[in-house]
Amino acid sequence: MMRPKHRYLLVESLNEIHENERPMFEFRLYKELLHCIGEIAYHKVNPKIMKFIGNDRFVLKCELGGYEQLVLGLTFLKRLDGKETAFYTINASGTIRALTS
Amino acid sequence: MDFYDIVMPSCEFDDKFAKRLGLKGIFKCGADIKLANADKQSSFPEGRFIAVGSNKNNLIAAARAGAAAVVVSDSRIDRKLMMELKEQKTALILPTTLITSSYNLERPKRLYMMGRLYSHAKRLGLDIGFATMAESKANMCSYMQVIQLARLVGADESQARHGVSAVNPSIVD
């Protein structure tokens with residue numbers, strides 16, 4: 001069976017994400033994305049934060065088939081933990097190296 | 001292909017941010033092109049301007065007065081307005097902020113109405129631009145996000161890209 005293909009998105013956050021807040025941020029992000037994308041489609045997207053770059057950017061991995069829904073989900077996400085926020089998809093690539101170079 | 005966005009006068013941003021979003025330029029209403037509120041005024045500035053509002057009679061007057069583009073705030077179809085836009089060759093801007101700034105059941109309702117408006121405008125052959133018309137940095141989007149929102153409304157990939165890359169700058173120039 002062939003390895004499933006993935007897409008990596010470079011996402012910039014409007015608000016800073018400090019190192020001690022990252023585990024909680026990750027959990028809240030997945031919860032809100034589940035709300036935006038829906039239970040039916042979430043498993044086809046399967047988002048996962050791969051790494052943080054600085055205090056306001058991170059690399060998000062998803063299945064290739066769910067890439068468009070993830071971009072839309074991030075666009076719809078305007079509130080996280082009661083605070084106003086925004087996420088901008090800066091770049092997308094098949095590898096993390098191409099994304100962060 | 002270069003992508004452009006149009007934002008409201010209250011939106012503050014810097015050029016580096018625009019570049020990070022993948023946009024060649026962000027046009028600000030009020031600075032790069034005049035803005036007219038069609039709900040509050042029935043007389044319009046000279047030269048090119050964008051008319052925003054839900055009062056259909058005032059929007060028709062704006063198109064006749066030389067508006068470069070029109071934003072229908074409530075996304076409702078008015079056949080008389082659409083025909084006037086076609087006759088005056090006025091572009092129609094579909095603002096993505098209407099979708100991203102709404103919540104819960106309001107959002108699918110707005111998506112549905114904007115989809116119907118887009119479909120009607122496309123059938124008539126109008127120039128359709130997709131812009132955020134953001135009032136703050138939180139409502140701004142990268143070019144990838146605007147294109148995906150355009151596709152959600154009913155445009156295909158080439159129409160969405162055309163709306164963001166060709167129609168938006170032609171409204172301001």
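Rules used in this analysis
- Residues numbered from 1 in each chain as written.
- Chains lettered and ligands numbered in written order.
- Predicted model: local features only at pLDDT ≥ 70, side-chain atom pairs only at ≥ 80, totals over all residues.
- Heavy atoms only, no water.
- Salt bridge = Lys/Arg side-chain N within 4 Å of Asp/Glu carboxyl O.
- Helix = DSSP H or I, 4+ residues; strand = E, 2+ residues; numbered from the N terminus.
- Contact = heavy atoms within 4.5 Å.
- Buried area = accessible area lost by both parts, 1.4 Å probe.
- Polar contact = N/O pair within 3.5 Å; in protein donor to acceptor, adjacent residues only side chain to side chain.
- Nonpolar A, V, L, I, M, F, W, Y, C, P; charged D, E, K, R; others polar.
- Buried < 20%, exposed > 50% of the residue type's maximum accessible area, 1.4 Å probe, protein only.
- Axes fitted to C-alpha atoms, helices over the stretch in contact; angles between N-to-C directions.
- Parallel < 35°, antiparallel > 145°, perpendicular 65-115°, else oblique.
- Left-handed = near helix turned anticlockwise from the far one by under 90°.
- Pairing = 2+ DSSP bridges.

### Concerning the pattern of salt bridges
Applying the stated rule across the entire model yields 11 salt bridges over all chains. Here Arg151 of chain B ties to Glu68 of chain A by a salt bridge, and the two come within 3.0 Å at their closest N and O atoms. Taken together, the residues span two chains, with Arg151 of chain B in helix α6 (residues 143-153) and Glu68 of chain A in helix α3 (residues 67-76). Asp2 of chain B is the partner of Lys24 of chain B in a salt bridge, and the nearest nitrogen-oxygen pair spans 3.7 Å.

### Remarks on the interface of chain A and chain B
Between chain A and chain B, the contact holds 21 residues from the first and 21 residues from the second. Together, the buried faces of chain A and chain B total about 1800 Å²; carbon and sulfur atoms form 59% of this surface. Considering only the side of chain A, the residues that lose the most area to chain B are Phe76, Lys78 and Tyr88 of chain A, jointly responsible for 34% of the buried surface there. Linking Glu12 of chain A and Arg20 of chain B is a salt bridge whose minimum nitrogen-to-oxygen distance equals 2.7 Å. Counting across the interface, chain A meets chain B through eight residue pairs in polar contact (both at pLDDT 80 or more). Put simply, the parts of the chain that give the side of chain A that touches chain B at least two residues each are α3 and β6 (87-93) of chain A. The biggest single contributor to the side of chain A that touches chain B is α3 of chain A, with seven residues. Of the residues assigned to the side of chain A that touches chain B, the class counts are 11 nonpolar, four polar and six charged.

### Looking at helix α2 (residues 56-64) of chain B
Residues and elements named next belong to chain B. Within α2 the residues assigned to the buried category are Lys56, Asn58, Leu59, Ile60, Ala62 and Ala63. Close packing links the buried residues of α2 with β4 (49-53), β5 (69-72) and α3 (79-88). You can read the cap of α2 off the contacts: a side-chain oxygen lies 3.1 Å from the backbone nitrogen of Asn57, and it is on Asn55. Positive backbone phi, at 105°, marks Gly66, one or two positions downstream of α2.

### Some details on the packing of α3 of chain B against helix α5 (residues 106-124) of chain B
Residue and element names in this part refer to chain B. It is at 10 Å that the axes of α3 and α5 come closest, and there the two elements cross at 40°. Taken as axis vectors, α3 and α5 run oblique relative to one another. Between α3 and α5 the crossing geometry is right-handed. On α5, the residues touching Arg79, Met82, Met83 and Lys86 of α3 are Leu117, His120, Ala121 and Leu124. Classifying every residue of the contact of α3 with α5 by side-chain character gives five nonpolar, one polar and two charged.

### Here's the deal with the sheet that holds strand β1 (residues 6-13) of chain A
Residue and element names in this part refer to chain A. In space, the four strands of this open sheet follow the order β2-β3-β1-β6, with antiparallel pairing throughout. The open sheet is flanked by β2 (48-53) and β6, the only strands paired with a single partner. On average, each strand axis in the sheet is tilted by 30° relative to the strand beside it, whichever way the strands run. Here β1 runs beside strand β3 (residues 57-63); their pairing, made up of seven bridges, is antiparallel. Bridge pairing in β3 places Leu9 opposite Leu60. α3 rests against β1, β3 and β6 of the sheet, and its axis sits at about 10° to β1.

Geometric descriptors of this kind do not, in isolation, establish any biological role.
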